[in-house]
Amino acid sequence: MNDLNLTSIAARHLLTSLNDGVLIITMNRPEKLNGWTLEMMDAFSEVFSKVNTNDSVRAVVFTGSGKYYSAGVNLGGSLKLMHPKKLRELIVKNNQALFDTFLNCSKPLLIAVNGPAIGASVTSATLASSIIASENATFSTPFAVLGITPEGCSSVHFPRLMGEDTAQRMLGAEGWKPNAKEALDAGLVQRVVPQQQLMEEAERIAQSWVANEEQRKFLAGSQLEELKTTNARESEQLADAFLGAAFLKEQSRFLWSKKKYAPSVLFFSLWTLRPLWSRLM
């Protein structure tokens, strides 16, 4: 399905189906756990740009295919060797653009989490109008264990959604990974349904938004401009963390454990040579 006439590259990553004003966008790389490569994130930018300018789209449901909602950003496939200053600028630009894509969606946006969600796929979901999750969903934001700082406005938005203590359980050293019911109780998601009912219920909610002429809004009383300012600040902090020794070393170890040897060596090289190239920052 490609009801928005996406380019061939975007259509390889996303399915779109428009019915009675509701557009369903489905991440369609289940063999890669719907991980967010640069191409996938470019596809997001394209589809949401078309959403914002298409009067036939009055509400959006965003979901994933297969067992996972998304394994998050594929870090090994999104960082390349280049001048450190240029690399830092690229990290800031790409991270800010990713979350601005969700923030700038002008139509009511419902995230339907069909399975495990990790990292940026969790934080971006909270930038929607609402989140509905299947009973088998889990939510993981392992920033502290990776040696990086919060992103996706989570430093500000998570405490509003869940309270400061619960937010820190997810964002901090504990790395709490709530299941769907726990996420509902905490305030991270707004509804939980059995797996087989997820899309039916998501479409029902979106159709009710269309009928009621619902406008785009953000959870927990957050406002667009503040969230965009937060995203810009977090993107700068994240770039510094990405180029820090702790993250580079941990990412190399993690990728090696997954038998992804080439990107592991890349991160190992960045880590070992950091005392030299960090002077160029």
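Our structure's up above, just so we're on the same page.
Below: a short report on this structure. Just so you know, these numbers come straight off a predicted model, no measurement behind them.

Conventions used here
- Residues numbered from 1 in each chain as written.
- Predicted model: local features only at pLDDT ≥ 70, side-chain atom pairs only at ≥ 80, totals over all residues.
- Heavy atoms only, no water.
- Helix = DSSP H or I, 4+ residues; strand = E, 2+ residues; numbered from the N terminus.
- Rg over C-alpha atoms; globule rule 2.2 N^0.38 Å.
- Buried < 20%, exposed > 50% of the residue type's maximum accessible area, 1.4 Å probe, protein only.
- Contact = heavy atoms within 4.5 Å.
- Areas by Shrake-Rupley, 256 points an atom, 1.4 Å probe, with all protein chains shown as cover.
- Lys, Arg positive; Asp, Glu negative; His and termini not counted.
- Charge placed at Lys NZ, Arg CZ, Asp CG, Glu CD.
- Salt bridge = Lys/Arg side-chain N within 4 Å of Asp/Glu carboxyl O.
- Polar contact = N/O pair within 3.5 Å; in protein donor to acceptor, adjacent residues only side chain to side chain.
- Patch = residues over 30% accessible without salt bridge, like charges linked within 9 Å, V, L, I, M, F, W, Y side chains within 5 Å.
- Core = buried A, V, L, I, M, F, W, Y, C linked by side-chain atoms within 4.5 Å.
- Pairing = 2+ DSSP bridges.
- Axes fitted to C-alpha atoms, helices over the stretch in contact; angles between N-to-C directions.
- Expected span 1.5 Å × (residues − 1).
- Phe/Tyr/Trp six-rings, centres within 6.5 Å; stacked < 30°, edge-to-face > 60°.

Thoughts on the overall build of the chain
Step number 1: In terms of regular secondary structure, the chain is built from 14 helices and eight strands.
Step number 2: A compact globule built from 281 residues should have a C-alpha radius of gyration of about 19 Å, and the chain, at 18 Å, falls within 12% of that.
Step number 3: A principal-axis box enclosing the C-alpha atoms of the chain has dimensions of 60 × 45 × 35 Å.
Step number 4: Taking all 281 residues of the chain together, the buried fraction comes to 51%.
Step number 5: When contacts within the chain are restricted to residue pairs at least 6 apart in sequence, long-range pairs at least 24 apart make up 72% of them.
Step number 6: Approximately 12800 Å² of the chain is accessible, and the part contributed by carbon and sulfur atoms is 52%.
Step number 7: The chain carries 29 positive and 27 negative side-chain charges, and their two centres are separated by 9 Å.

A short note on the pattern of salt bridges
Step number 1: Throughout the structure, instances matching the rule amount to 11 salt bridges.
Step number 2: A salt bridge links R29 to E31; its shortest N-O distance comes to 2.8 Å.
Step number 3: E31 sits in the exposed class, given a relative accessible area of 54%.
Step number 4: Linked through salt bridges whose partners overlap, the residues forming this network are R88, E236 and D240.

Quick look at unusual backbone geometry
Step number 1: Not every positive phi belongs to a glycine, and L33 is a case in point at roughly 55°.
Step number 2: Locating L33 in the fold gives a position in the loop between β2 (22-27) and α2 (38-53).
Step number 3: Since its relative accessible area comes to 34%, L33 is described here as partly exposed.
Step number 4: The backbone of C153 shows a phi angle near 70°, a positive value even though the residue is not glycine.
Step number 5: Its place among the elements puts C153 in the loop between α6 (143-146) and α7 (154-162).

Some words on the side chain of T141
Step number 1: By secondary structure assignment, the location of T141 is in the loop between β7 (139-140) and α6.
Step number 2: In this structure the side chain of T141 is engaged in a polar contact, spanning 3.1 Å, whose partner is the backbone oxygen of M170.
Step number 3: Apart from residues no more than four positions distant in its own chain, T141 is found in contact with G119, V122, T123, F158, M170 and L171.

A short note on a nonpolar patch on the surface
Step number 1: A surface patch of nonpolar side chains, amounting to about 320 Å² of accessible area, comprises W256, Y261 and V265.
Step number 2: With respect to the secondary-structure elements, Y261 resides in helix α13 (residues 261-272).
Step number 3: In this structure Y261 comes out as partly exposed when scored by relative accessible area, which is 40%.

Thoughts on the nonpolar core
Grouped burial of nonpolar side chains is what soluble globular proteins tend to show.
Step number 1: Judged by nonpolar contacts, the single largest core of 71 residues is most densely connected at F44, F62 and F139.
Step number 2: In this structure, A59, L110, A202 and A206 belong to the second largest nonpolar core, which totals 14 residues.

With respect to the sheet that holds β2
Step number 1: Strand order in this open sheet of six strands is β1-β2-β3-β4-β6-β8, and the pairing throughout is mixed. Each edge of the open sheet carries a strand with a single partner, namely β1 (14-19) and β8 (191-193). Across the sheet, the mean angle from the axis of one strand to that of its neighbour is 20°, orientation sign disregarded.
Step number 2: Relative to strand β3 (residues 59-64), β2 runs parallel, the two sharing six bridges. Along β3, the bridge assignment pairs L23 with V60.

Some remarks on the pairing of β2
Step number 1: Burial of β2 is extensive: six of the six residues sit out of reach of the surface.
Step number 2: Going residue by residue along β2, you find V22, I24 and T26 tucked away on one face and L23, I25 and M27 tucked away on the opposite face as well.
Step number 3: For β1 and β2, the ladder comprises six bridges, and the chain directions are antiparallel. Within β2, the residue paired with L18 across the bridge is L23.

Some points on helix α11 (residues 224-242)
Step number 1: Here α11 contains 19 residues, and its C-alpha end-to-end distance of 26 Å stays within 8% of the 27 Å for a straight helix at 1.5 Å per residue.
Step number 2: Along α11, the residues that are buried comprise L227, T230, N231, E234, S235, L238, A239, A241 and F242.

Details of the packing of aromatic side chains
Step number 1: According to the stated counting rule, one finds 12 aromatic pairs in the structure shown.
Step number 2: On the numbers, 6.0 Å between centres and 85° between planes, the contact of F247 with F267 is edge-to-face. Taken together, the residues F247 in helix α12 (residues 245-257) and F267 in helix α13 connect sequence positions 20 residues apart.
Step number 3: Judged by relative accessible area, which is 1%, F247 ranks as buried.

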